[in-house]
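Tertiary structure, described
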Amino acid sequence: MSDATADPRFRRKPPKRPIRLSWADERIRGIVWQILVVGIIGSIIWWLWSNTVHNLEVRRIATGFGFLNREAGLPIAESLISYEPTDTYFRALVVGVLNTLKVAVVGIVLATFLGTAIGIARLSKNFLVSKIAAFYVEVIRDLPLLLQLLFWYTIMQGLPGPRQAMQPIEGVFLSNRGFKVPALVWEPAHTAALVACIAGIVLTWLYARSARAKQMADGQPRKIWPAAIALILGLPVLTWQVMGAPWQVDWPALRGFNFRGGMSISPEYAALLIGLVTYTAGFIAEVVRAGILSVNLGQWEAAQALGLRHGQLLRLIVLPQALRVIIPPMTSNYLNLTKNSSLAVAIGYQDIVSIANTTLNQTGQAIEGIAIIMLVYLTISLSISLFMNWYNAKIALVER
Amino acid sequence: MHQISRPGFLRAIGAAMIAAAVAMPAAAQQPAAGGSSPTMDAIRARGTLICGVNTGLAGFAQPDSQGVWRGFDVDYCRAVAIALFNDPDKVRYVPTTAQNRFTALQSGEVDMLARNTTWTLSRDTSLGFDFPAITFYDGQGFMVKASLGVRSASELNGATICVQPGTTTEQNLTDWARANRIQFQPVVIERLEEVVNAYLAGRCDAYTTDVSGLAATRSVQPRPAEHVILPDVISKEPLGPAVRHGDQRFADLVRWIHFGLVTAEELGLTSQNIGQAAGDARPDVQRLIGRTGDLGRMLGVDNAFMVNIVTRLGNYGQMFERSLTPIGIQRGPNALWPAAGGLQYAPPFR
């Protein structure tokens, strides 16, 4: 709003009054109250802090973060970065943070897709589809998550042992040691192809934008998919061919106690991911359903009257309006999924809580350990919140 | 049926309790310099001893079919209750996991831990604990399924091994693997039931913990012969009760209850014959049963405390036979020194 349209009452400055050193003066009262409140809160914090430090000393409980540089000596089953038990506690904690992120990020993406699909399914006119979706939502939402995680973990453990592993497809093994799949031996050419693919996506997006701008100008729709295929698929394949087309597959094979080679997904990770995704999807489905139902029926009818097909109707008219309702509760669900991943300790997935707990147990520094856990979750949660708030502001109704 | 617990939540409460406990007014927390013991005073005022025990380990601490806690560790809780109240039932048992036991003791949630806890230097110093006595000499071993055909731990290269977190077990395992150049895949699960389930379900090739714990776990399986405890012992695990550092009087009491039990076995006093010990002329016996020496009073309890304890619980050997012999644990290093060549030995009870 510009100054010209602003309410004139707010533009006028209040007349200056001399400050009287008296309780009757509103400003003096305000200052006194504020000093009092800040002082009380400050002294409570100081009192808690000094007593904590004093009592830790009296009980000879070690304090400080010096333990972070000590050798951890704890085994970690899966890690995104290289880790040995001889590494420091700090590195062990970083592994824990990455493990938490690994399950949270993948979980959020999968839960969003599954939840949206179920939410739309529940609105389906097909009786069977909508009832199955409703049944799913009610069952999943009403059972405690921990119970579900233990359920999935028990199922994972019920798979046959590695020597009797199921082999649904050549080279893919299902056993109680996890899922083993063949892995590509990674070469620089693959990295280059990946970069080319990302570049292709960006170029496609730019092309689509300019095509839309031109359509705005002359009304002619332009085909985007030929360019998309060429850029997103053709470019990486070409890059890979130019760099010698390396293609060597590492097949998992049973050697000794266990499988060697290939890529693996541990039963703990799989159980946690499946549990979190199915659980959170139940909530997301309801959020999506509420969002879609919030769009006025008149909007649907108007879109149909314009001759839009069902897909276009959802994509162009309903979803953009529904998203405004969906995003804020969706943020809460993403935060819940991330925080719920701390239940991993129950089924032996070593996330930040598990590793920080072991650390605080071995070093005995509970306050520092808990502080680290809180800091990590706070950072992750605030990042999610910030991103979602930015996205929310971006898609918010622009009043013209 | 799984017992549902919320480990994260419980620990959060535990941590909050630590914060609350350490933030209490400093004066109330000062350990007494001379006569009184804040822990003993608190127990007496409350009327019950709060004892942190295992969540359920056959032979050491497990509720029986009536829900009464039984076992070797539990007997130490009962012994302390007898010393303080002359009543073995004035104990509230708090089941603690390997991970939350220290928080429970530090925060004052429990008065003492009687929960096969290994005495180490860092626990004795930086955790703020005291370990009054070693009640059970143990060592870490491995259990595998007999069908696996493994005869020694050195054959475990490449194996998946189940282990509980937050214990010395975890560190011993990595030390041993490094020293012997053995690669292994860990599966780290906090709750005892869950980690044993994972082993039984075949998620792991081997399960590692103290040999006594392995024996206890094996004894409760439907077919114990299907599991083999490997002969290798990879660590020293002196187990005993733990109390908070700073209350020496309470630590003294727990320490001398254990030594009293060992002394009773040395002197041949059992739950059956200690009633007639008044007629025994040996000065050692007269001191133990509190007729001379005023020793109980020095510890802040009744002079006849050892008579009361041994009458109800038996001596060290009887406690061992009642709880641990049935699950297949031999006296071994826990036999008396020098009589039976073991390590259990009490300083003079005088």
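For chain A, an unreviewed UniProt entry supplies the name Amino acid ABC transporter permease and the organism Neoroseomonas oryzicola. Looking at the Sequence similarities (unreviewed entry) heading of the UniProt record, one finds this comment for chain A: "Belongs to the binding-protein-dependent transport system permease family. HisMQ subfamily."

**Thoughts on the interface of chain B and chain A**
The extent of an interface is frequently quoted as the accessible surface area lost upon association of the parts. Taken residue by residue, the interface counts 50 residues in chain B and 46 residues in chain A. Those elements giving two or more residues to the side of chain B that touches chain A turn out to be α1 (7–22), α2 (26–29), α5 (101–106), α7 (168–179), β10 (185–188) and α8 (192–200) of chain B. Looking at which element gives the most residues to the side of chain B that touches chain A, the answer is α1(B), with 7 residues. Class assignment for the residues of the side of chain B that touches chain A results in 21 nonpolar, 19 polar and 10 charged.

**Some words on the pairing of strand β5 (residues 112–118) of chain B**
Looking along a regular strand, one sees side chains alternate from face to face of the sheet. Residues and elements named next belong to chain B. Most of β5 is tucked away: 7 of the 7 residues are buried. In this structure, strand β1 (residues 49–54) lies alongside β5, joined through 2 bridges in parallel fashion. Its bridge partner being in β5, Cys51 is matched across the sheet by Met112. Two strands pair when backbone bridges link them, and β5 and strand β13 (residues 237–244) are joined in this way by 4 bridges, in the antiparallel orientation. In the strand pairing of β13, Thr118 is matched with Leu239.

**Let's talk about the sheet that holds strand β7 (residues 263–265) of chain A**
Residue and element names in this part refer to chain A. Ordered in space as β1-β2-β7, the 3 strands form an open sheet in which the pairing is antiparallel. Among the strands making up the open sheet, the edge pair consists of β1 (173–175) and β7. If you compare each strand with its neighbour and ignore which way they point, the axes differ by 15 degrees on average. One ladder, built from 3 bridges, connects β1 with strand β2 (residues 178–181); its direction is antiparallel. Directly across from Ser175, in β2, lies its bridge partner Gly178.

Procedures and definitions
Residues numbered from 1 in each chain as written. Chains lettered and ligands numbered in written order. Predicted model: local features only at pLDDT ≥ 70, side-chain atom pairs only at ≥ 80, totals over all residues. UniProt positions renumbered as here; feature names shortened; annotations may be inferred. Contact = placed C-beta atoms within 7 Å. Helix = DSSP H or I, 4+ residues; strand = E, 2+ residues; numbered from the N terminus. Nonpolar A, V, L, I, M, F, W, Y, C, P; charged D, E, K, R; others polar. Buried ≥ 20, exposed ≤ 12 C-beta atoms within 10 Å, placed from the backbone. Pairing = 2+ DSSP bridges. Axes fitted to C-alpha atoms, helices over the stretch in contact; angles between N-to-C directions.

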